[in-house]
Amino acid sequence: MDLEGAINRWHEQVNSGDLEAVVGVVTDPVVVLGPKGAGPITPAGFADWVERSGIRLVPRSWHPIGERLMVVEEDASWPESSAPTRVATVFRVTGDKVSAALRLPNLKQALELAYICREMAATE
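Residues numbered from 1 in each chain as written. Predicted model: local features only at pLDDT ≥ 70, side-chain atom pairs only at ≥ 80, totals over all residues. Heavy atoms only, no water.

**Student:** Could you give an account of the sheet that holds strand β3 (residues 56-64), with specific residues and numbers?
**Tutor:** Taken together, the six strands give an open sheet; going across it, the order is β2-β1-β6-β5-β4-β3, and neighbouring strands pair in mixed fashion. Since the sheet does not close on itself, it has two edges, and those belong to β2 (37-41) and β3, each with one partner. Between one strand axis and the next, the sheet turns by 20 degrees as a mean value, whatever way the strands run. Where strand β4 (residues 69-77) and strand β5 (residues 85-94) come together, eight bridges link them in antiparallel fashion. (Pairing = 2+ DSSP bridges. Helix = DSSP H or I, 4+ residues; strand = E, 2+ residues; numbered from the N terminus. Axes fitted to C-alpha atoms, helices over the stretch in contact; angles between N-to-C directions.)

As structure tokens, this is what we get:
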């Protein structure tokens, strides 16, 4: 498994707006977290979100948390934004696909959530 490669492909496809390609970089279901809620959604539901939001995410810093978890600090922009907003996403990778993308308002919150996720997985 190539953790960084899977996350790079996810960014490339989300930023490309190619919805068929977006469907191919996530698992079924994929767990998401964002300002409008959290939970598992289908790859098609994820592609719909990408299309509706028009989001673009540019990775700025990478923080490995475990074998399958990585926090990526990103500059997020939307069609209506005048300047990018710094956010951070907790990614979980399963095989060669992103199985969770949990977006938080800042790096500190994302790292805290990632460490909790890692400890939960380690004690299953």
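Having seen it, we continue.
**Student:** Break down the environment of Val23 for me, citing the residues and quoting the values.
**Tutor:** Within the secondary structure, Val23 sits in helix α2 (residues 19-23). With 44 residues separating them in the primary sequence, Val23 and Glu67 have C-alpha atoms 23 Å apart. Residues contacting Val23, with those up to four places away along its chain left out, are Pro43, Ala44 and Ala47. (Contact = heavy atoms within 4.5 Å.)

**Student:** Please set out the nonpolar core residue by residue, giving values where relevant.
**Tutor:** One finds Ile7, Trp10, Val26, Phe46, Phe91 and Val98 to be the most contacted residues of the largest nonpolar core, which totals 23 residues. Elements supplying a minimum of two residues to this core: α1 (3-16), β1 (26-34), α3 (43-53), β4, β5 and β6 (97-104). Dropping the residues within four chain positions of it, Val98 is found in contact with Ala6, Ile7, Trp10, Val25, Val26, Thr27, Val30, Phe91, Arg92 and Val93. (Core = buried A, V, L, I, M, F, W, Y, C linked by side-chain atoms within 4.5 Å. Buried < 20%, exposed > 50% of the residue type's maximum accessible area, 1.4 Å probe, protein only.)

**Student:** Quick rundown of α3? Include the residues and the values.
**Tutor:** Of the positions making up α3, those classed as buried are Pro43, Phe46, Ala47, Val50 and Ser53. The buried residues of α3 occupy an angular sector of 140 degrees when the element is viewed end-on, so they sit on one face. Those residues of α3 that are exposed and aimed more than 90 degrees away from the buried face are Glu51 and Arg52. At its buried positions, α3 is contacted by α1, α2, β1 and β2. Following α3 by one or two positions, Gly54 adopts a phi angle in the positive range, close to 65 degrees. (Arc of directions from axis to C-beta.)

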